[in-house]
Amino acid sequence: MHNVTLIKGDGIGPEISDAVLKIIEAAGIKINWDVQTAGADVAEIEGDPLPKRVIESIRKNKTALKAPVTTPIGKGFRSVNVRLRKELDLYANLRPCKNIDGIKTPFENVNLVVVRENTEDVYAGVEEKIDDDTMHSIKIITRKASTRIVKYAFEYAKKYGRKTVWAVSKANICKLTDGLFLECARKVSEEYPEIEYKEILVDALCMQLVQNPSKFDVLVMPNLYGDIVSDLTAGLIGGLGVAQGANIGLDCAVFEPVHGSAPDIKGKNLANPSALLLCAVQMLKHLGENEGAKKIENAFYKTIKEGKVLTADLGGSATTTEFRDEIIKNL
């Protein structure tokens, strides 16, 4: 039996977590869940949205499934997600993006992967107030982090039979920081002659993604660009409700959906658990539970393709629990 840390989050987090756990249980997969709380409610009680016990649990279990946690905008505590990535050195953010049969989108044949560096860039949070009218944010790019994220992208491409790795930057403007990232990418690419290496500026990439996304394969980039581009690519396949994500380090892995905590529909049994479920499928594969993962994946895809029981964001009128039960029926 696997020991896995479960962070139910806040907002819709507990509802979609419960749905996913029931689907995994129905598939016959045995997991010992170490349930941990984090987020705004926890901050009020314990004085910290990410208590030390949560970090210790993930370090012990090596694997975590995490539902969304609310991050205040422009004030309040720092993002729990960013802190998790920093403290556990979860340096690679992996976001597969592939069309799902049954979800109508403007494009077909989208099958790409965004590999985002997870530990530095402006997300390092190094900011300073110069005066009341001037604020500075420091963009940090290092050779170590750039080299290992590009190497991760090439290793991923090699493992899964991908043909091309694109290095994404804004090196025409950020000549030192993004210039260093590209320098590292070019050097790493020489170790993988069997995989084609290409470069593209992030603004040009965004334009081309909404014109011809099927031309792209594995995209590797610094933190900020990765955050923006991965949400853009989620839009290509139906939105954040079906976008999965994983944060991978040398010792630990945290699997979490891309979307937020949607506090406006909290407790209304309306939330779509698809993204968290796809993250759980990715997690199960990571744990070696390939048969069970495939079983859940097939049931999910069947439910979407049939289109009879879908949540509102997918074009239906089903509740979270009705959608969950339909997937379980299709197991």
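Scroll up to find the structure.
Everything numeric here is computed off the predicted structure, so don't read it as measured data.

(A) Spatial organisation of the packing of aromatic side chains. Following the criterion strictly, the structure yields 6 aromatic pairs and no others. Above the ring of Y123, the side-chain terminus of R116 is found at 5.0 Å from the ring centroid.

(B) Local environment of the pattern of salt bridges. Using the criterion set out here, one finds 24 salt bridges in the structure. The partner of D231 in a salt bridge is R95, with the nearest N and O atoms 3.7 Å apart. You can see D231 sitting in helix α8 (residues 223–236) and its partner R95 sitting in strand β4 (residues 92–98), a full 136 residues away along the chain. What makes D231 partly exposed here is its relative accessible area of 33%. Across the salt bridge formed by E297 and K285, the nearest N and O atoms sit 3.4 Å from each other. With E297 in helix α10 (residues 290–306) and K285 in helix α9 (residues 274–286), this residue pair connects regions lying 12 residues apart in the sequence. For K285, a relative accessible area of 38% corresponds to the partly exposed category. Among the charged side chains, a salt-bridge network with shared partners connects D48, R83 and E87.

(C) Region of the structure containing empty space enclosed by the protein. Scanning all chains against the criterion turns up 1 cavity of 30 Å³ or more. Volume-wise, the largest cavity comes out at about 50 Å³. Surrounding the largest cavity, R95, P96, C97, S230, T233, A234, I237, A243, Q244 and V258 form its lining. For the lining of the largest cavity, the secondary structure elements donating two or more residues are β4 and α8.

(D) Seen up close, the sheet that holds strand β3 (residues 63–66). Overall, mixed pairing links the 10 strands, which are arranged β2-β1-β3-β12-β11-β4-β5-β10-β8-β9 in an open sheet. The outermost strands of the open sheet, each flanked by one partner alone, are β2 (31–36) and β9 (196–201). Taking the axes of each pair of neighbouring strands and ignoring which way they run, one obtains an average angle of 25 degrees across the sheet. Bridging between β4 and strand β11 (residues 246–248) involves 3 bridges; their strand directions are antiparallel. Looking at β11, one finds that L94 is bridged to A246. Against the sheet, helix α4 (residues 80–87) touches β1 (2–7), β3, β4, β5 (111–117) and β11, its axis set at about 170 degrees to β3. Contacting β4, β5, β8 (164–169) and β10 (218–221), α8 crosses the sheet at an angle of about 155 degrees to β5.

(E) View of the side chain of R95. When its relative accessible area of 8% is taken as the criterion, R95 is described as buried. A polar side-chain atom of R95 sits 3.0 Å from a polar atom in the side chain of N93. Side-chain polar atoms of R95 contact the side chain of S230, separated by 2.5 Å. The residues touching R95, leaving out its near neighbours within four places in the chain, are R85, L112, V113, V114, R116, D227, S230, D231, Q244, G245 and V258.

(F) Structural detail: the packing of α10 against helix α11 (residues 320–330). Here α10 crosses α11 at 115 degrees, and the two axes come no closer than 8 Å. Where α10 crosses over α11, the handedness of that crossing is right-handed. Contacts between α10 and α11 involve A299, F300, K302, T303, I304 and E306 from the former and F323, E326, I327 and N330 from the latter. Residues belonging to the contact of α10 with α11 are distributed by class as follows: 5 nonpolar, 2 polar and 3 charged.

(G) How the structure looks around the nonpolar core. Grouped together as the largest cluster of nonpolar side chains are 82 residues, with contacts concentrated most on W33, L65, V115, L205, L219, V220 and I296. Counting 14 residues, the second largest nonpolar core, distinct from the first, contains I7, A38, C252 and V254.

Conventions adopted
Residues numbered from 1 in each chain as written. Predicted model: local features only at pLDDT ≥ 70, side-chain atom pairs only at ≥ 80, totals over all residues. Heavy atoms only, no water. Phe/Tyr/Trp six-rings, centres within 6.5 Å; stacked < 30°, edge-to-face > 60°. Lys NZ or Arg CZ within 6 Å of the ring centre and 35° of its normal. Salt bridge = Lys/Arg side-chain N within 4 Å of Asp/Glu carboxyl O. Helix = DSSP H or I, 4+ residues; strand = E, 2+ residues; numbered from the N terminus. Buried < 20%, exposed > 50% of the residue type's maximum accessible area, 1.4 Å probe, protein only. 1 Å grid on protein atoms, 1.4 Å probe; cavity = no way out; pocket = protein on both sides within 12 Å on 5 of 7 lines; lining within 4 Å. Points joined across faces, edges and corners; volume = space filled by probe spheres on them. Pairing = 2+ DSSP bridges. Axes fitted to C-alpha atoms, helices over the stretch in contact; angles between N-to-C directions. Contact = heavy atoms within 4.5 Å. Polar contact = N/O pair within 3.5 Å; in protein donor to acceptor, adjacent residues only side chain to side chain. Left-handed = near helix turned anticlockwise from the far one by under 90°. Nonpolar A, V, L, I, M, F, W, Y, C, P; charged D, E, K, R; others polar. Core = buried A, V, L, I, M, F, W, Y, C linked by side-chain atoms within 4.5 Å.

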